[in-house]
Amino acid sequence: MKKDPGKKNEDKKKRIDEISKMIHPHDDKLDPTAHMGNYNFPQMLFAFCLGFCTMFVLAVDEINDFKGCPLPEYFQKEVKG
């Protein structure tokens, strides 16, 4: 007995739908304001500002903690001429 090709395609489509539901189970409506991936502009702006401020604070802290580079030994010795 041969299976009907149309039936085989339907079974494949059902299996594909089942797997896609397992991978992404939510049927959320698409966000019409999401032009940049899955994030809208206010989210991206907030993430940028948060990252920028964090890096700025860490840089200022690192600059304050910096004690200078030690001079190599050959600069510390007096050159007798």
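Residues numbered from 1 in each chain as written. Predicted model: local features only at pLDDT ≥ 70, side-chain atom pairs only at ≥ 80, totals over all residues. Heavy atoms only, no water.

K.L.:
I would appreciate a short explanation of the overall build of the protein chain in the present structure.
P.N.:
If you tally the helices and strands in the protein chain, you get three helices and zero strands. For the protein chain, the succession of helices and strands along the chain, N to C, is α-α-α. In the protein chain, which comprises 81 residues, the share counted as buried stands at 1%. Working note: accessible area of the protein chain is about 8,700 Å², and carbon and sulfur atoms make up 64% of it. (Helix = DSSP H or I, 4+ residues; strand = E, 2+ residues; numbered from the N terminus. Buried < 20%, exposed > 50% of the residue type's maximum accessible area, 1.4 Å probe, protein only. Areas by Shrake-Rupley, 256 points an atom, 1.4 Å probe, with all protein chains shown as cover.)

K.L.:
Just checking my understanding: could you explain the confidence of the model for the protein chain for this structure?
P.N.:
Note that predicted coordinates carrying low pLDDT should not be read in detail. Per-chain confidence: the protein chain averages 80 in pLDDT, with 75% of residues scoring 70 or above. Within the protein chain, the element-level pLDDT minimum falls on helix H3 (residues 73–76), averaging 76, and the maximum on helix H2 (residues 41–65), averaging 93. (pLDDT = per-residue confidence, 0-100.)

K.L.:
Can you help me understand the pattern of salt bridges in this one?
P.N.:
Any two side chains of opposite charge can pair if their charged atoms end up close together. Per the counting criterion, the structure on display carries one salt bridge. Of the charged contacts in the structure, one is a salt bridge between Glu18 and Arg15, with a shortest N-O distance of 3.2 Å. On the criterion of helical spacing, the pair formed by Glu18 and Arg15 is a turn pair, its members being three residues apart in helix H1 (residues 5–23). (Salt bridge = Lys/Arg side-chain N within 4 Å of Asp/Glu carboxyl O.)

K.L.:
What is the right way to look at a nonpolar patch on the surface in this model?
P.N.:
A cluster of nonpolar side chains, Phe48, Phe52, Phe56, Val57 and Val60, forms an exposed patch at the surface whose accessible area comes to about 540 Å². Secondary-structure assignment places Val57 in helix H2. Judged by its relative accessible area of 54%, Val57 falls in the exposed class. (Patch = residues over 30% accessible without salt bridge, like charges linked within 9 Å, V, L, I, M, F, W, Y side chains within 5 Å.)

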